[in-house]
Every structure is written in structure tokens, then in C-alpha cells.
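This is what each chain is made of:
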Amino acid sequence: MENRTYTAEAEPGETATVAGWVHEVRDLGGIAFLILRDKSGKIQIKFEKDEMDDEIVETGLDLARESVISVTGAVEEEPRAPTGVEITPEELDVIASAEPELPLDPSGKVDAELSTRLDNRTLDLRKEETKAIFEIRAEVLRAVRESFREIGCTEINTPKIVATGTEGGTELFPITYFGQEAFMNQSPQLFKQLMVGSGLERVFEIGPIFRAEEHNTPRHLNEATMIDFESAFIDHEEAMDACERTLLAAYEGVAENCEAQLETLGYDDFEVPAEGFPRLTYEEAIERINATGELDEQLVWGDDLPTEGEKALGDDVGGHYFVTDWPSEIKPFYIQDHEGGELSKGFDLMHPRMELVSGGQREHRYDHLVEGFEQQGLDPAQFEYYTKMFKYGMPPHAGWAYGVERLVMTMLDLGNIREAVLFPRDRQRLSP
Ligand code: ATP
Ligand code: AMO
């Protein structure tokens, strides 16, 4: 509709054509109002029954909520209208009528269960609050892309159908690839590393990853979106700097460009985190967790941090923080060790509620890399497509990956990661 005006842009004094959804119809007897909603907001349509074409009045007042219509008429100032302007229709077209019974109420007056909302995302995203979450998610991705460009990254896309896993064998989804065993990719890890050795040097990817997580939690998905970064000639400390900058860029973008959405979600105190996230070593982290007394059993060196431990430490630190110097044995083969081999150059970025990022300096020395495979019980022969490139000049490099949904979930304090994905994939949910 080329002559369509968004409701928010309808100027008093002009004749405008607006189009959208019937949000509400209120019949007060001699006068009736229809609230029309579109992407930009809402506008009041006034029906003065005695002064208007009977057919328009009848059609307008007969409409079921959520029907799609277009209205042409004079825009006038009206202080009693919700937005201060209203339209008196000269033409009203019913473009698509809706059934009177809706599976959920887009006006938000009646709450719906998350599963009902996920089954009816089209209607759910007609609600201001849900729409705001996805507009903010889009801003996060825009801001992150821009910040990558500022540091000279090239955006890449790597395959999602792969021959090997990288992040642990139990979480792989097997598929059949023309009679050959294949998997859905868990992470672009090996491909992004191959690209730092290429002429590109510094790359990022924003794309889907697939993990056959058996458990059903509020913070795990079976299909998630990862923001992966990898750069030649930097170490784990510099990678943490870039990781922090990326998070700050996302928060700054949202603070600057999503004021209306934040207001819709009720955040009048949205804050960009302060620079300089604390960097705790793994050893300090377990000591501090033990000191909180929140765990039934004290952690010992070599334990992974349990969920309750992460929460206790998060409360103690009170903001984002890195955990560094993890025991080598609990980090993957591609992470480089510190001198001596006991500690790794891997790190995690934590939000007080959960892990947001894993990253580290990578093992770029061919012999050490092959040794690492063997220590993890992996067959280096299966990874030859990857390891062989380490024989032809692989620079030192480091990188990391954010889960987009966890970033948005923690930023907006959402209760469930599924609220940050349009069509989540979990143990129960394969469609829509
Ligand atoms: P990663 O990105 O490495 O997966 P993560 O924060 O998801 O990081 P994992 O290392 O995957 O943590 O481990 C899964 C976490 O989920 C563990 O900390 C475990 O305690 C927790 N977990 C497993 N099953 C459940 C469950 N049913 N309910 C709540 N938490 C669970
Ligand atoms: P990791 O496995 O820690 O690291 O994943 C990186 C980040 O991705 C997010 N994430 C998930 N989000 C939702 N549901 C899931 N099932 C899920 N799994 C992971 C988390 C997590 O911190 N290759 C490394 C990264 C690297 O070293 O560059 C990796 O995949 O926010």
C-alpha cells in the first residue's frame, strides 16, 4: 500500500489512509470508537452514527478484534483520544477478518501461558512487550555487528552440517548425509580458527548452533544463536577486552536506540554495566564460592562450577565477571595451557545469573594440538581437515562465543530463555 501512513505519523489537517489491526471497539451508543493498531502505535477511529454513512458504521462496529482493515479519512486533533488525534472514516476496507475466538489476547489484558504464546507467536508479537523484546534483540545484533566492524572483523558463515563435534560428543544431533554419518554443528569453533590462519585474520559469525542437551532448563535451548569471534595475533587477555567491549556495545546500543521498548518493558533504570569486569581466577572463584557457605559440599580444585555455585558467586560479585585460569582438564582440546600444563588460558564471562561466554587462547602449535586430542580421547585422524592447516603457518590466536539468547535474557531479566527466541527448540518443541 504505497499511500499508507503509519498511525504515529498521521498529521492533523490531512486526509490519511492507515492500515492495521482492530485493537478494540467501544460502542457508546450515539458514538463509537475503534482503536486501530499498527507497527508504530495506535490511533482512534471515530464513528458518529447519525452523521456518517450507515454502511461504514455497520462494518466498523461489526468487526472482530484483530481483523485487518484500512481506513481513509480526515485526521483531527482530539485531546480526549488516547494519542491526541483521531480519524473520521470516509472509507473502510476489511482486508482480512479475524475469528471472534482468539487463542491469546494480544491486548495483554488476559495473561497467557508461555506454551500458548509460543504456539501462537504471530499473535504474541502483536503485544507491545513481546514485540519490544525482539526489537531489542535486533538492536543487540546490529550494535554487535557494528562493534566488530570497528575492530576490523570480517563476517563469515560456516557450515552447519559437519563431520565432527567439538564441544563434547553427547550433545550432538546425528543426521544422515547421503548415507554418511554427519552432525548438526555445535559451534563454529574449528572453522573460525581455520579462518584466522587465512588472509582474513580476524572474523566473526552470528549463526545457529545445535546441541542435543538432554535437560530442560530455563537457560538451555537445543537450537541457539551464537556470536563467535576469533582473531589472529591476540592472546586471551586481549580476547577478554574485546569480549567486554562487545557486551558494552550491545548495552549501549539498546540504551541509545530502544528507549521506547525499554519503557514498554518497564525499565526506567536500564544501565550499561561499568567497564572493567573483574577477572577472577578459577581458584579464587572456588574459594569465594566455598566462603559463601551456600553449597552443601565444598568445591575442590578440578570441579566444574555447579549452577548453585555460579549463582552464589554472582550474588557475591554483583555484576559481570570473568573466570580465568581453568584447570586444563575441564577445558576443550583447542584451548592452550599455561606453562606447566595444569592451568589453561580458557575463560568464561559470567552474568550473576549464568554463564554468557566461553573463550580462550587457542593451541596453535601443531604438536601440542595433536597431543591435546589424544588426551581427550579423540582421534586426531578424524580432525585432519583442521589439524593439517596448523602445519602451514597458523598464527597465535584467541576468541570466544556468546549465546545471543542468554545475552538478551540477562539484559532484560527474562525468566526463561525461550522468551528471547521466536520459535524455540527444546525437548518438547519442534513446531512451530
Ligand atoms: P555451557 O554453555 O558450557 O553448556 P552451561 O552454563 O550451559 O554452559 P553446562 O556446562 O552445559 O553449563 O552444564 C549444564 C548445566 O546445567 C550444569 O551446571 C547443570 O548443573 C545444569 N543442569 C543440568 N540439568 C539441569 C536441570 N534439569 N535443571 C537445572 N539445571 C540443570
Ligand atoms: P560454549 O559451549 O560455552 O563454548 O558456548 C558458548 C556460549 O553459547 C551459549 N550456549 C547456549 N545457549 C543456550 N542454549 C544452549 N544449549 C547453549 N549452549 C551454549 C552460552 C555459552 O556460554 N566454542 C566455544 C566458544 C569459544 O571458545 O569460542 C563454545 O561453544 O552463552
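Residues numbered from 1 in each chain as written. Chains lettered and ligands numbered in written order. Predicted model: local features only at pLDDT ≥ 70, side-chain atom pairs only at ≥ 80, totals over all residues. Heavy atoms only, no water.

Looking at an unreviewed UniProt entry, the protein carries the name Aspartate--tRNA(Asp/Asn) ligase, with the source organism given as Halalkalicoccus jeotgali.

Description of the UniProt feature "binding site: L-aspartate" (unreviewed entry) in the protein
On the UniProt side, "binding site: L-aspartate" (unreviewed entry) is annotated at positions that read Glu167, Arg211, Ser358 and Arg362 here. Along the chain, Glu167 turns up in the loop between strand E7 (161-162) and strand E8 (174-177). Other than its neighbours up to four places away in sequence, Glu167 contacts Gln186, Ser187, Gln189, Arg211, Pro332 and Tyr334. Relative to the elements of secondary structure, Arg211 occurs in the loop between strand E10 (202-210) and strand E11 (223-232). (UniProt positions renumbered as here; feature names shortened; annotations may be inferred. Helix = DSSP H or I, 4+ residues; strand = E, 2+ residues; numbered from the N terminus. Contact = heavy atoms within 4.5 Å.)

With respect to the site of ligand 1
Around ligand 1, the surrounding shell consists of His215, Thr217, Arg219, His220, Thr307, Glu355 and Arg406. Contact distances for ligand 1 include 2.5 Å between an oxygen atom and a side-chain N or O atom of His220. Calculation on ligand 1 without its partners gives an accessible area of 610 Å², and the protein chains cover 57% of this total. Tallied by class, the residues present in the shell around ligand 1 amount to no nonpolar, 4 polar and 3 charged. (Near = heavy atom within 4 Å. Polar contact = N/O pair within 3.5 Å; in protein donor to acceptor, adjacent residues only side chain to side chain. Areas by Shrake-Rupley, 256 points an atom, 1.4 Å probe, with all protein chains shown as cover. Nonpolar A, V, L, I, M, F, W, Y, C, P; charged D, E, K, R; others polar.)

Details of the sheet that holds strand E14 (residues 346-351)
Judged by pairing direction, the sheet is mixed, and its 8 strands sit side by side in the order E6-E10-E11-E16-E15-E14-E13-E12 without closing on themselves. On the outer flanks of this sheet lie strand E6 (154-155) and strand E12 (279-281), each paired with one strand and no other. Taken strand by strand, helix H5 (residues 189-196) contacts E10, E11 and strand E16 (397-403), and its axis lies near 25 degrees from that of E11. (Pairing = 2+ DSSP bridges. Axes fitted to C-alpha atoms, helices over the stretch in contact; angles between N-to-C directions.)

Brief notes about the sheet that holds E8
Pairing is antiparallel across the open sheet formed by 3 strands, whose spatial order is E7-E9-E8. The outermost strands of the open sheet, each flanked by one partner alone, are E7 and E8. When E7 meets strand E9 (residues 180-184), the two strands line up antiparallel, connected through 2 bridges. Each residue of the ladder has a partner; that of Ile161, found in E9, is Met184.

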